[in-house]
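# Results of the structural survey
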Amino acid sequence: AQSVAQPEDQVNVAEGNPLTVKCTYSVSGNPYLFWYVQYPNRGLQFLLKYITGDNLVKGSYGFEAEFNKSQTSFHLKKPSALVSDSALYFCAVRVPRNTGKLIFGQGTTLQVKP
Amino acid sequence: NAGVTQTPKFRILKIGQSMTLQCTQDMNHNYMYWYRQDPGMGLKLIYYSVGAGITDKGEVPNGYNVSRSTTEDFPLRLELAAPSQTSVYFCASRNPAGEDQPQHFGDGTRLSIL
């Protein structure tokens, strides 16, 4: 069965420092992986995706993610965190050949302090 | 540039009451989804639709019903509200052209059942 795990409920970083939000997955076949961000009282916004090709994918707002097939991971990264990056982040995996349904991780709260 | 619009934004119901959560999108997306979000649990799929007249159950369909009479609208109905249905509900849509297309989310309906 497909699943996604985000092992950290919360990540705290200082502004200007690099950040990493972790995600591991379990899926049959080739994974389609996504990161979304949710700001308070808003819906989820798409950040980036991995489908195939280069293991380092770049997305919105300076975020990038590294796909590692051997470790079944898709960690979200940013070289220099901003206070405005503080939000709830979700990793998701597409259910193969099944109408684009997504399975979401439980979410990680990112807190960036000045 | 509306995207996915959900109404109402907030609602308080009494146990046993019924209501319909509205969702409409203006992107001509065939695929639409309803999720519920509970703290620390990520998003769980309630129902989804691949086009007008076609709906199917997700992970947690019990207590809910949907219909899809047009491409634009995908309402979610609660017939007999129960406290366990207190949650934040999100509607999403997706362009079916390509499995890598991200889902687009509305801003949610916050529902409390007392």
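My aim in this report is to walk through the structure given alongside it, one point at a time. (Residues numbered from 1 in each chain as written. Chains lettered and ligands numbered in written order. Predicted model: local features only at pLDDT ≥ 70, side-chain atom pairs only at ≥ 80, totals over all residues. Heavy atoms only, no water.)

### Let's talk about the pattern of salt bridges
All names here are of chain B. Applicable threshold: Just to be clear on terms, a salt bridge is a Lys or Arg side-chain nitrogen sitting within 4 Å of an Asp or Glu carboxyl oxygen. With a 1.4 Å probe rolled over the protein chains alone, any residue whose accessible area is under 20% of its type maximum counts as buried; one over 50% counts as exposed, and the rest are partly exposed.
What the rule picks out here adds up to seven salt bridges over all chains. Linking Arg-36 and Asp-38 is a salt bridge whose minimum nitrogen-to-oxygen distance equals 3.0 Å. Residue Arg-36 is classed as buried on the basis of its relative accessible area of 11%.

### Some details on empty space enclosed by the protein
Let me state the cut-off plainly: The way it works is a 1 Å grid over only the protein atoms, where trapped points that fit a 1.4 Å probe form a cavity and open points with protein on both sides within 12 Å along at least five of seven lines form a pocket, and then any residue with an atom within 4 Å of a point lines it. Grid points are joined across faces, edges and corners, and a volume is the space filled by probe spheres set on the points. As a working rule, the residues Ala, Val, Leu, Ile, Met, Phe, Trp, Tyr, Cys and Pro are called nonpolar, Asp, Glu, Lys and Arg charged, and the rest polar, with Gly in that last group.
Under the definition given, this model contains one cavity of 30 Å³ or more. Taken as a whole, the largest cavity encloses approximately 30 Å³ of empty space. Taken together, Phe-34, Tyr-36, Arg-94, Gly-100 and Leu-102 of chain A together with Arg-94, Glu-99, Gln-101, Pro-102 and Gln-103 of chain B make up the full set of residues lining the largest cavity. Its residues placed into classes, the lining of the largest cavity shows four nonpolar, three polar and three charged.

### Considering the pairing of strand E9 (residues 87–94) of chain B
Residues and elements named next belong to chain B. For clarity, the threshold we go by: A run of H or I in DSSP becomes a helix once it reaches four residues, and a run of E becomes a strand once it reaches two; helices and strands are each numbered from the N terminus. Two strands make a pair as long as DSSP finds a minimum of two bridges between them.
Across the eight residues that make up E9, a large majority, eight, are buried. For E9 and strand E11 (residues 109–113), the ladder comprises three bridges, and the chain directions are antiparallel. Bridge pairing links Tyr-89 to Thr-109 in E11. Bridge count between E9 and strand E10 (residues 104–105): two bridges; the pairing is antiparallel. What sits directly across from Ala-92, in E10, is Phe-105.

### Side note on the state of the cysteines
Residues and elements named next belong to chain A. Inclusion rule: When two cysteine sulfur atoms are found within 2.5 Å, that pair is recorded as a disulfide.
What the rule picks out here adds up to two disulfides over all chains. The disulfide partner of Cys-23 is Cys-91, and the gap between their sulfur atoms is 2.0 Å. Given an S-S torsion of about -65°, the disulfide between Cys-23 and Cys-91 has left-handed geometry. Of the two residues, Cys-23 is situated in the loop between strand E3 (19–21) and strand E4 (24–26) and Cys-91 in strand E10 (residues 87–94); the sequence distance between them amounts to 68 residues. Judged by relative accessible area, Cys-23 falls into the buried class, the value being 0%. Accessibility expressed as a relative area gives 0% for Cys-91, which makes it buried.

### Comments concerning unusual backbone geometry
For the peptide bond that leads from Thr-7 of chain B to Pro-8 of chain B, omega is -10°, which places it in the cis range. Among the secondary structure elements, Pro-8 of chain B is positioned in the loop between strand E1 (4–7) and strand E2 (10–13). Residue Asn-41 of chain A is not a glycine yet carries a positive backbone phi of 60°. Within the secondary structure, Asn-41 of chain A is located in the loop between strand E5 (33–38) and strand E6 (44–50). The exposure class assigned to Asn-41 of chain A is exposed, which follows from its relative accessible area of 54%.

### What to know about the interface of chain B and chain A
Under the convention used in this document: Contacts between residues were defined by any pair of non-hydrogen atoms, one from each residue, lying within 4.5 Å. Once two parts are brought into contact, the accessible area they lose, counted with a 1.4 Å probe and summed over both, makes up the buried area. For this analysis, a polar contact is any N or O atom pair within 3.5 Å, provided that within protein one partner can donate a hydrogen and the other can accept it, and provided that sequence-adjacent residues contribute only side-chain to side-chain pairs.
With 22 residues of chain B at the contact, the number on the chain A side is 22 residues. Both faces considered, chain B and chain A share a buried interface measuring about 1800 Å² in area, 55% of it formed by carbon and sulfur atoms. Summed over the three residues of chain B that lose the most area to chain A, namely Glu-99, Asp-100 and Phe-105 of chain B, the buried surface amounts to 27% of that side. The interface formed by chain B and chain A contains two salt bridges. Across the pair Lys-49 of chain A and Asp-100 of chain B runs a salt bridge, and its minimum N-O distance is 3.1 Å. Taken together, the links from chain B to chain A amount to five residue pairs in polar contact (both at pLDDT 80 or more). Elements that contribute at least two residues to the side of chain B that touches chain A include exactly strand E4 (31–37), strand E5 (43–51) and E9 of chain B.

So yeah, pure geometry; function would need other evidence.
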